[in-house]
Amino acid sequence: MKKLFLFLLLPFLSFGQNNPLHTGEFIINLINYGSSWNVTFTATAIDARWDKNYQLTSGYENASRTLISPFQTVARFDLIIDPNAGVHPVMAIGLYKISAIKNGVVQAYFYMDWRTSDYGACPDVYFKYDYSNKRF
């Protein structure tokens, strides 16, 4: 009977915590990176941005994360509307240019539009960056 009780209670114990494994909403995985790497991912606001209360803000213009070999292969960013924002570099709601920079030179970039991000819950968005071929 104790085993049955534990089996039925275990899902509530493990998922009842307040997001203990927060990993960011905007995630870039490094691939094809060889034995050594050093890359900085930046999110630069292009236009107006909004805070967690959906009010215009002048903050959150830039967020960046540097990955250095041998162990760092994932860059994580938080979106301001996440209750755990601040664990990782924070982006507001807005249009951002996402860049991969090596030795001060932009290797690749794309635009991420968070301007209509009113999900109620923050989505996780994943991208891969091919370090050797310099492309997302």
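Residues numbered from 1 in each chain as written. Predicted model: local features only at pLDDT ≥ 70, side-chain atom pairs only at ≥ 80, totals over all residues. Heavy atoms only, no water.

A. Highlighting the environment of Arg65. Here Arg65 lies in strand E4 (residues 62-68). Accessibility expressed as a relative area gives 25% for Arg65, which makes it partly exposed. A sequence separation of 24 residues divides Arg65 from Phe41, and the C-alpha atoms of the two residues are 5.4 Å apart. In this structure, Arg65 is in contact with Val39, Thr40, Phe41, Gln72, Val74, Ala75, Arg76, Phe77 and Pro89, ignoring residues within four places of it in sequence. (Helix = DSSP H or I, 4+ residues; strand = E, 2+ residues; numbered from the N terminus. Buried < 20%, exposed > 50% of the residue type's maximum accessible area, 1.4 Å probe, protein only. Contact = heavy atoms within 4.5 Å.)

B. The arrangement of the packing of aromatic side chains in detail. Following the criterion strictly, the structure yields 10 aromatic pairs and no others. Taken together, a centroid distance of 6.5 Å and an interplanar angle of 80° make the contact between Phe26 and Trp114 edge-to-face. Here Phe26, found in strand E1 (residues 26-31), pairs with Trp114, found in the loop between strand E8 (105-113) and strand E9 (125-130); they are 88 residues apart in sequence, far enough to count as distant. For the pair shown, Phe26 and Trp114 are each scored as buried. Where Phe41 meets Tyr129, the ring centres are 5.4 Å apart and the plane angle is 80°; that geometry is what we call edge-to-face. Here Tyr129 lies in strand E9 and Phe41 lies in strand E2 (residues 38-50), a separation of 88 residues in the sequence. Take Phe41: its relative accessible area is 0%, and that puts it in the buried class. An aromatic cluster of three or more residues is present, and its members are Phe26, Phe41, Phe77, Phe110, Trp114, Phe127, Tyr129 and Phe136. (Phe/Tyr/Trp six-rings, centres within 6.5 Å; stacked < 30°, edge-to-face > 60°.)

C. Structural view of the sheet that holds strand E5 (residues 74-79). Spatial ordering of the open sheet is given by E6-E5-E1-E9, a layout of 4 strands whose pairing is mixed. Each of the sheet's edge strands pairs with one partner strand only, and the pair in question is strand E6 (90-91) and E9. Bridge count between E5 and E6: 2 bridges; the pairing is parallel. Residue Asp78 lies in a different strand from E6, and its bridge partner there is Val90. (Pairing = 2+ DSSP bridges.)

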